[in-house]
Every structure is written in C-alpha cells, then in structure tokens.
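The lines below spell out each chain.
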Amino acid sequence: MFDFLKNHPFSVEAFFESSLVLTFAVPKEQLQPLIPECLELDTFQDQWAFVAAAMVQTKDLRPKGFPKLMGNDFFLIGYRVFVRYRSNTGKKLRGLYILKSETDKKKMEVMGNLFTHYNYSTTDIQQTEKENVKEIQSVKSKFKVSISKKEENIPLPPNSPFADWKEARRFAGPLPFTFTYNKETREVLIIEGVRQNWTPAPVQILNYNFGFLDTLKLENPVLANAFIIHNIPYYWKKGKIESWKQKEENFRAS
C-alpha cells in the first residue's frame, strides 16, 4: 500500500565527516549477473568491472531543509556496483547499483527500508586508532579494514589494473547517480547526489576482509583503489522514475 514511500519521495541531506571507499576490480563476466537488465557495467579496458565497499560516518542526516537538531548521526556501509544507464532522453549516466546496506543504528535500518530500496540491516561497528593505524570492524558482519594513517607517497594497491591514482580516481565513488530497478513494474528509480569540494585522497589499506563480498563468490577480486574524504556537505535529490518497459517498446518499434 505504501510502496511509493520507498522511492526516495523527498530530498535528504547530511554532513559526511568521513567516507572511506575500497573498490575491487573483477572480470566483468562475474558481476554481470548481479545487476538488472536496465543497467550496464561501467568497465575499464572492456575487461574489468568494479564493486565497492563504502564506509561513511554521517552527521545530521535529515530531510533537506529540516533543522539540524532533527537530524541523526549514523555509520553507513554500502556495497555497490559501478554501472551506467541511458536515460529516456538518451543521456548516459554513470552511477551505482546497491547490493546491500548496513548501519550501526536500528532507527536508520527502519527509516532506510521505509524510504529506500537499499536493503538495510543493523550491525555492530567498532573504530579504533593506535599509532599510525586506524581499524574499522564488525563482528556480526565479519568485516575488518586496517588503514595506514600515512598521508604522503601512497602506492597503488598491488595488482591494481590502474596505471596511476589519476586513472584510479574515475572509480573512486560516489558517482552522481544511484539506480534501483523494480522488476514487476519495469521502472528505474534514479537518485542524484549533490556534493561540494569533493577531493578524494588516496589511502593505504594494510589489511581487509568483507564477509558480504565473500558471499558473492567472486573469484580473486583485486583491490583496485582506496580513497577517503573528510567534512563534506552532501544531499540526495528526490527520486525520479523512468519506464524501462516503455523504452524497450520504443526501441523495438524503431
């Protein structure tokens, strides 16, 4: 009855205290089954496709225009595939397709699943810092990331398909758009994100494990890059729906 609420019916804003994204390169054939028919993989050298794990510390998350005192602070984890979508106007959009989302608070799980299709669940999050290493981990979700706090002369991860950080930054995320597909109605939900002063800085990952990525049964995913940003205002526009069914019918007719 209230399914329309899941279509991101209003704009949302937040302040990103930090956003850490690890992007993994996988032969494109492995990720193709994970995305819907309306999307295509955003590939590199027509060989590699990419799945990312993003860990975001948000502050004052709330409907856009509401006072900050009505906002909430959440830790968010998102697993997403880099994709492209051709809109009804013919414009090709780069974006993300969400596979799974997690948060550290039940309130965000409830509200997130009421107003989005992002499949939120609640998990534990621990963050620790000692000497030159920061760790983010979850016992329940079976993930742990160890990050060097070194800020200069960061090398690309071993075996990365990218030649340099400039090339790698194209797949740093987040991208401007996020897409959801309704199989029953064959409609595409497009959500546009807007940010300011977005300058991702490379980080060195010392160790990592993600239980959710293990469940995807990917063969030898390669850590392609890792970036972090700090202190960024961010907001998501109200969702926009396009008919994929109509587009296919028009294509056949032509």
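Throughout what follows, the structure given in this document is the object of discussion. (Residues numbered from 1 in each chain as written. Predicted model: local features only at pLDDT ≥ 70, side-chain atom pairs only at ≥ 80, totals over all residues. Heavy atoms only, no water.)

## A few points about the overall build of the protein chain
- A count of helical and extended segments in the protein chain gives 5 helices and 15 strands.
- Relative to the 2.2 N^0.38 estimate, which gives 18 Å for 254 residues, the radius of gyration of the protein chain is 18 Å and therefore close to what a compact globule would have.
- Looking at the protein chain residue by residue over its 254 residues, the buried ones come to 50%.
- If you take every contact in the protein chain between residues at least 6 apart in sequence, the share linking residues at least 24 apart comes to 68%.
- Of the roughly 13400 Å² that the protein chain leaves accessible, carbon and sulfur atoms contribute 51%.
- Across the protein chain, the centroid of the 36 positively charged side chains sits 3 Å from that of the 29 negatively charged ones. (Helix = DSSP H or I, 4+ residues; strand = E, 2+ residues; numbered from the N terminus. Rg over C-alpha atoms; globule rule 2.2 N^0.38 Å. Buried < 20%, exposed > 50% of the residue type's maximum accessible area, 1.4 Å probe, protein only. Contact = heavy atoms within 4.5 Å. Areas by Shrake-Rupley, 256 points an atom, 1.4 Å probe, with all protein chains shown as cover. Lys, Arg positive; Asp, Glu negative; His and termini not counted. Charge placed at Lys NZ, Arg CZ, Asp CG, Glu CD.)

## Some details on the nonpolar core
- Counting 42 residues, the largest nonpolar core has Leu22, Met55 and Phe210 as its most contacted members.
- A total of 6 residues in this core trace back to one element, the largest contributor, which is strand S4 (residues 72-86). (Core = buried A, V, L, I, M, F, W, Y, C linked by side-chain atoms within 4.5 Å.)

## Brief notes about the pairing of strand S5 (residues 92-103)
- Buried residues dominate S5, accounting for 10 of its 12 residues.
- Judged from the 11 bridges that link them, S4 and S5 form a sheet pairing that is antiparallel. Paired with Val83 across the strands is Gly95, a residue of S5.
- Between S4 and the antiparallel strand that follows it, S5, lie 5 residues; Gly90 among them carries a positive phi value of about 95°.
- Pairing of S5 with strand S10 (residues 177-182) involves 3 bridges; the strand directions are parallel. When the sheet's bridge partners are listed, Gly95 is paired in S10 with Phe177. (Pairing = 2+ DSSP bridges.)

## Focus: the packing of aromatic side chains
- All chains considered together, the criterion is met by 21 aromatic pairs.
- Aromatic pair Tyr85 and Phe179: ring centres 5.5 Å apart, planes at 50°, arrangement tilted. Residue Tyr85 is found in strand S4, and its partner Phe179 is found in strand S10; the two are separated by 94 residues along the sequence.
- Measuring from ring centre to ring centre gives 6.4 Å for Phe177 and Phe179, while their planes differ by 20°; the resulting arrangement is stacked.
- The exposure class assigned to Phe177 is buried, which follows from its relative accessible area of 14%.
- Classification of Phe179 by relative accessible area gives buried; the value is 1%.
- Among the aromatic residues, those joined into a ring-pair cluster are Phe24, Tyr79, Phe143, Tyr208, Phe210 and Phe212.
- One Lys or Arg, Lys64, reaches over the ring of Tyr235 and ends 4.2 Å from the middle of that ring.
- Over the ring of Phe171 we find Arg94, and its NZ or CZ is 5.2 Å from the ring centre. (Phe/Tyr/Trp six-rings, centres within 6.5 Å; stacked < 30°, edge-to-face > 60°. Lys NZ or Arg CZ within 6 Å of the ring centre and 35° of its normal.)

## Some points on the environment of Ala54
- Within the element layout of this structure, Ala54 appears in strand S3 (residues 48-63).
- Taking the C-alpha atoms as reference points, Ala54 and Leu156, 102 residues apart in sequence, are found 18 Å from one another.
- Ignoring sequence-local partners within four residues, the contact set of Ala54 consists of Leu20, Val21, Leu76, Ile77, Gly78 and Arg80.

## Considerations on the pattern of salt bridges
- A complete count under the given rule lists 12 salt bridges for this structure.
- It is possible to trace a salt-bridge network through shared partners that takes in Asp42, Arg84 and Arg94. (Salt bridge = Lys/Arg side-chain N within 4 Å of Asp/Glu carboxyl O.)

## A look at unusual backbone geometry
- The phi torsion at Asn119 lies on the positive side, around 60°, for a residue other than glycine.
- With phi around 50°, Glu131 is a residue other than glycine that occupies positive phi space.
- Along the chain, Glu131 turns up in the loop between strand S7 (126-130) and strand S8 (133-138).
- For Glu131, a relative accessible area of 77% puts it in the exposed group.

## Quick look at the sheet that holds strand S13 (residues 205-210)
- Strand order across the open sheet formed by 4 strands is S7-S8-S9-S13, with antiparallel pairing between neighbours. Only two strands of the sheet have a single partner each, and these edge strands are S7 and S13. When strand polarity is set aside, the average angle formed by the axes of neighbouring strands in this sheet is 15°.
- Two elements, S8 and strand S9 (residues 143-148), share 6 bridges in a ladder whose sense is antiparallel. Across the sheet, Ser138 pairs through a bridge with Phe143, a residue of S9. (Axes fitted to C-alpha atoms, helices over the stretch in contact; angles between N-to-C directions.)

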